[in-house]
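Understanding the architecture of this molecule
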Protein chains: 2
Amino acid sequence: MELILESTPDSFAQLAQRPQLNKTDLNAGIETIFQSVKTQGDAALLQYTEQWDGATLEQILVTEAELAVAKTLVSDSLKAAIELAYQNIYAFHIAQREPVQPIETMPGVSCWRKSVPIQKIGLYIPGGSAPLFSTVLMLAIPASIAGCREVVLCTPPQSNGSIHPAILYTAQRCGIKTIVKVGGAQAIAAMVFGTASVPAVYKLFGPGNQYVTAAKQKALQYGVAIDMPAGPSEVLVYADETAIPAFVAADLLAQAEHGKDSQVILVCPNQAIAEAVLREVKQQTSTLPRGLVVNEALLNSKAIVLSNAQRALDFINEYAPEHLILACTNSTFFSEGVYNAGSVFIGNYTPESAGDYASGTNHTLPTNAYAKTYSGVSLDSFIKKITYQHITEKGLQAIGSSIMTMAEAELLHAHKQAVAIRLNYLKTLNY
Amino acid sequence: MELILESTPDSFAQLAQRPQLNKTDLNAGIETIFQSVKTQGDAALLQYTEQWDGATLEQILVTEAELAVAKTLVSDSLKAAIELAYQNIYAFHIAQREPVQPIETMPGVSCWRKSVPIQKIGLYIPGGSAPLFSTVLMLAIPASIAGCREVVLCTPPQSNGSIHPAILYTAQRCGIKTIVKVGGAQAIAAMVFGTASVPAVYKLFGPGNQYVTAAKQKALQYGVAIDMPAGPSEVLVYADETAIPAFVAADLLAQAEHGKDSQVILVCPNQAIAEAVLREVKQQTSTLPRGLVVNEALLNSKAIVLSNAQRALDFINEYAPEHLILACTNSTFFSEGVYNAGSVFIGNYTPESAGDYASGTNHTLPTNAYAKTYSGVSLDSFIKKITYQHITEKGLQAIGSSIMTMAEAELLHAHKQAVAIRLNYLKTLNY
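Calculation notes
Residues numbered from 1 in each chain as written. Chains lettered and ligands numbered in written order. Predicted model: local features only at pLDDT ≥ 70, side-chain atom pairs only at ≥ 80, totals over all residues. Heavy atoms only, no water. Helix = DSSP H or I, 4+ residues; strand = E, 2+ residues; numbered from the N terminus. Buried < 20%, exposed > 50% of the residue type's maximum accessible area, 1.4 Å probe, protein only. Contact = heavy atoms within 4.5 Å. Areas by Shrake-Rupley, 256 points an atom, 1.4 Å probe, with all protein chains shown as cover. Lys, Arg positive; Asp, Glu negative; His and termini not counted. Charge placed at Lys NZ, Arg CZ, Asp CG, Glu CD. Pairing = 2+ DSSP bridges. Axes fitted to C-alpha atoms, helices over the stretch in contact; angles between N-to-C directions. Least-squares fit on C-alpha atoms with pLDDT ≥ 70 in both. Buried area = accessible area lost by both parts, 1.4 Å probe. Salt bridge = Lys/Arg side-chain N within 4 Å of Asp/Glu carboxyl O. Polar contact = N/O pair within 3.5 Å; in protein donor to acceptor, adjacent residues only side chain to side chain. Nonpolar A, V, L, I, M, F, W, Y, C, P; charged D, E, K, R; others polar. Disulfide = S-S within 2.5 Å. Domains from an automatic or database assignment.

1. A closer look at the overall build of chain A
- Within chain A one finds 17 helices and 14 strands.
- Along the first, second and third principal axes, the C-alpha set of chain A runs to 85 × 60 × 45 Å.
- Within chain A, buried positions represent 61% of all 431 residues.
- The contacts of chain A with a sequence gap of at least 6 include a subset with a gap of at least 24, amounting to 76%.
- Total accessible area on chain A stands at roughly 15900 Å², and carbon and sulfur atoms take up 51% of it.
- Here chain A holds 29 positive side-chain charges and 36 negative ones, and the gap between their average locations is 10 Å.

So this is what it looks like as structure tokens:
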């Protein structure tokens, strides 16, 4: 981690830049996959799964029997942990429901809006080194609260053709019926076009590698929505002398272990704290099994000393961190002043791990400064809001001439006529 | 309008298809414009404005003097109409604010979320035949309620270099300070990259022609968000024997006058009503100044007879109309059963024109079946929601072992360690 002393605001934009990724243009390859899946359906999925996951499958959908076996393979302690996380995530997300609340904008003019579920959604859960069953919770719980009618989960099989039992167990717990053993861009293509086994969906959720990310971008071009644009995970910790350096270091390392393209940023009001944390980082790194990944991520990372709190807040807002940890006395100043962040963790006993798994907030959050524009996943991500209006005869008489004046000024005569014809009719009724 | 009798559900998907547009690939041209604006800034904007709008400008920003003149050019009756619309739109959108509501998911584990404005946004208002000042209201009012700090409005000048006074007046009324005389893809590029006169923004809103639409898609690739994907406007009217055919026809024609690629759909429980409406359509069309546009749009349009109400509802949900007008006795059946629509207009005295201008709901709505996935513009479009959490010592002790169990199962040891180090420390304090 590079130590940077007292930056000035004119350097903030540059300092806030994420490590540049070597972006290969994957578009041509992805388009080929999309076209194969579109024309050959399940056959293409089976062939790609053999080619890239090394798994020869007879059946691409997870069976009831496999689900039953998975239940027996998950330990009771993990089941209990998943259950606690489930309840907390459920409690936080169900409170996000919005009641229908009619507004009478004028006498006789009633307007309201109603949340309705997106009917068909697709969840992508990566395979690879770690079975991300926590992401199943984070996506499937709000989808189920929203009432999405069709939920498909795609995840690549291991080379023996199986899916990690924790993923299958969690998906069952969340009520997901359709689990497909397919990963990569072919999984995204399957959910965009639909195949004999995989239903087409309207919106795609979930993290993935560069192929999945590129495929989700292509899905947009085919009219399928996505949760948010993707980028490497990151954390920014603001720590003052009331922070405990060992805790701060542990939080930085938890972020760094996600991948070598992760970035961790430490901001401190003085150099002594920064150096105490850096010493702890060094010491704790040596004990971690993912030390190599962590060390690479730390090369992208910075410890920045900013003695002025307002300036530190300005930098935080410029950086727009996915995760912001506030380990400081003046946490209210920062938590109330921050306007660009995904999720904020306040105090010495609120590690990011808590939000990653079990506190109740969602861990699918905007990275790569997208927190300037996007929210994390929430119940909102799984619904649409339809607006309604009902106008009475009196209401139309009150509002009609304004509509006609505006329509005329916009040269939209038929718009004016739609009101005029009604008002004229009401006159004939002596209204 | 083609009359279609008693379709069966297996034909709904085909029947719900929008007219295929001749999609020219504009990407190369748009990329050239983006690169010119990126490298040459305002100079490129002035040159493009001369080339395409025929206006030679010395100054690309609207001046205070121009704003003052505009005020004098708008009639008092139009000002009053705009004011009434302003108040209703304001009333409907301010009710969409969400209070901060902390949830204690477990004792000692508090989570909440807070809405914060997207700091920098850009509004695009088309020029051309009609001055769409109503769209200024629909975008700028929720932006101002949200508290967006920087709001830029771009709109192409007329060939004499001026902007229509109704647009300038409305923008002023909504508190917009930065109005730029630039249209087309170059306006979008300016708001993506920023120039000396035009600030770069995080999210783009507003309708536009095929160049603007393509440029907004490209903006996404540069990391700038957009309100929603675009397509031609459309309405679906469900009318039974209690509807007044002349009103229904007027509503269909109001939609048809938007453009020759607009589509209007009439669904009726029997043929007699459909035919009565079609007769009225024919008759009213002859009186409209935009008759040519209307007639072309009507070629894309259909009157569909479905005697079974559930089947009619199923078709509506398959079509996913931008606007849905319910002129029928069983409007509750339809308004409660519809899950794919942008905005719903209930009853004989609720024309779409009301929502287009002044009832209070937003007129920026998802077209082209995007109502299956997207909401119309609302306050939500201008904010992000940041999640927060605070965990006490006791809270972490209650939740900690679950987090550690899950982190271990996901092979994320540093995530586990971030909790373990805190719990061990608490033990040393005899907590």
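Next comes the rest of the write-up.
2. Notes on the environment of Pro9 of chain B
Residues and elements named next belong to chain B.
- On the secondary structure map, Pro9 appears in the loop between strand S1 (2-5) and helix H1 (12-15).
- Overall, the relative accessible area of 43% leaves Pro9 in the partly exposed class.
- When the C-alpha positions of Pro9 and Gln284 are compared, they lie 32 Å apart, and in sequence the two are 275 residues distant.

3. A closer look at the sheet that holds strand S14 (residues 383-391) of chain A
- Spatially, nine strands are ordered S2(A)-S3(A)-S14(A)-S13(B)-S12(B)-S9(B)-S10(B)-S11(B)-S1(B) in an open sheet, and the strand pairing comes out mixed. Of all the strands in the sheet, just strand S2 (103-106) of chain A together with S1 of chain B have a single pairing partner and so form its edges. Across this sheet, the average inter-strand angle for adjacent strands is 20°, counted without regard to direction.
- Where S1 of chain B and strand S11 (residues 302-305) of chain B come together, four bridges link them in parallel fashion. If you follow Glu2 of chain B over to S11 of chain B, its bridge partner there is Lys302 of chain B.
- Lying over the sheet, helix H11 (residues 271-285) of chain B contacts S1, strand S9 (234-239), strand S10 (263-268) and S11 of chain B, oriented at roughly 175° with respect to S1 of chain B.

4. Here we look at the relation of the copies chain A and chain B
- With an RMSD of 0.0 Å, chain A superimposes on chain B once it is rotated by 180° and translated 0.0 Å along the axis. Here the copies are linked by what is in effect a two-fold axis. Nearest to the rotation axis, the C-alpha of Glu98 of chain A is located 4.4 Å from it, this being the minimum over chain A.
- Both copies contact each other with a shared surface, as 99% of the interface residues of chain A are interface residues in chain B too.

5. Side note on the pairing of strand S4 (residues 120-124) of chain B
All names here are of chain B.
- The element S4 is largely enclosed, with a buried count of four among its five residues.
- Direction of pairing for S4 relative to strand S5 (residues 150-155): parallel, over a ladder of five bridges. Bridging from a neighbouring strand, Ile121 pairs with Val151 of S5.
- In the sheet, S4 pairs with strand S7 (residues 203-205) via three bridges, with the strands oriented parallel. Residue pairing across strands places Ile121 opposite Lys203, the latter belonging to S7.

6. Examining the interface of chain A and chain B
- Facing the 116 residues of chain A at the interface are 115 residues of chain B.
- For the pair chain A and chain B, the summed buried area comes to about 10000 Å², and 62% of that belongs to carbon and sulfur atoms.
- Inspection of the region where chain A meets chain B yields six salt bridges.
- Linking Lys385 of chain A and Asp380 of chain B is a salt bridge whose minimum nitrogen-to-oxygen distance equals 3.1 Å.
- Summed over the shared surface of chain A and chain B, the result is 62 residue pairs in polar contact (both at pLDDT 80 or more).
- Sorting elements by how many residues they give to the side of chain A that touches chain B places helix H16 (residues 393-409) of chain A first, with 10 residues.
- The residue inventory of the side of chain A that touches chain B, partitioned by class, reads 66 nonpolar, 34 polar and 16 charged.

7. Quick notes on the state of the cysteines
Residues and elements named next belong to chain B.
- Within the structure shown, the criterion is met by zero disulfides over all chains.
- In this model Cys154 remains outside any disulfide bridge; the closest cysteine sulfur is found in Cys148, 15 Å from its own.
- Residue Cys154 is classed as buried on the basis of its relative accessible area, which comes to 0%.
- Cys268 forms no disulfide, and the closest cysteine sulfur to it belongs to Cys328, at a distance of 10 Å.
- On the basis of relative accessible area, Cys268 is assigned to the buried category, the value being 0%.

8. Let's talk about the sheet that holds strand S2 (residues 103-106) of chain B
- One open sheet holds the nine strands; their spatial order is S1(A)-S11(A)-S10(A)-S9(A)-S12(A)-S13(A)-S14(B)-S3(B)-S2(B), and the pairing between them is mixed. The open sheet has two free edges, formed respectively by strand S1 (2-5) of chain A together with S2 of chain B, since each of these has just one partner strand. This sheet shows a mean twist of 20° between the axes of neighbouring strands, independent of strand direction.
- Pairing of S2 of chain B with strand S3 (residues 109-117) of chain B involves three bridges; the strand directions are antiparallel. Directly across from Glu104 of chain B, in S3 of chain B, lies its bridge partner Ser110 of chain B.

9. Focus on the domain arrangement of chain A
- Along its sequence, chain A is organised into domain 1 (23-101 + 117-227), domain 2 (232-375) and domain 3 (392-428).
- For domain 2 of chain A and domain 3 of chain A, the distance between their C-alpha centres works out to 57 Å.

10. Observations regarding the side chain of Gln96 of chain A
- With respect to the helices and strands, Gln96 of chain A occurs in the loop between helix H5 (76-94) and S2.
- Setting aside chain neighbours within four positions, we find Gln96 of chain A in contact with Ser378 and Leu379 of chain A together with Arg113 of chain B.

11. Side note on unusual backbone geometry
All names here are of chain B.
- Of note in the backbone geometry, Glu6 takes a positive phi value of approximately 45° without being a glycine.
- By the secondary structure assignment, Glu6 is in the loop between S1 and H1.
- Here Glu6 falls in the partly exposed class, since its relative accessible area comes to 38%.
- The phi dihedral of Ala369 falls on the positive side, at around 70°, and the residue is not glycine.
- Mapping Ala369 onto the fold places it in the loop between helix H15 (352-357) and strand S14 (383-391).

12. Section: the pattern of salt bridges
- Taken as a whole and judged by the stated rule, the model has 24 salt bridges over all chains.
- The closest approach of N and O atoms between Glu318 of chain A and Lys372 of chain A, which form a salt bridge, is 3.5 Å. With Glu318 of chain A in helix H13 (residues 309-319) and Lys372 of chain A in the loop between helix H15 (352-357) and S14, this pair connects stretches of sequence that are 54 residues apart.
- In this structure, Arg113 of chain B engages Glu98 of chain B in a salt bridge whose closest nitrogen and oxygen atoms are separated by 3.2 Å. On the criterion of sequence distance, the pair formed by Arg113 of chain B in strand S3 and Glu98 of chain B in the loop between helix H5 (76-94) and S2 is long-range, its members being 15 residues apart.
- Take Arg113 of chain B: its relative accessible area is 7%, and that puts it in the buried class.
- Its relative accessible area of 29% is what places Glu98 of chain B among the partly exposed residues.
- Connected via shared salt-bridge partners are Glu98, Arg113 and Lys385 of chain A together with Asp380 of chain B.

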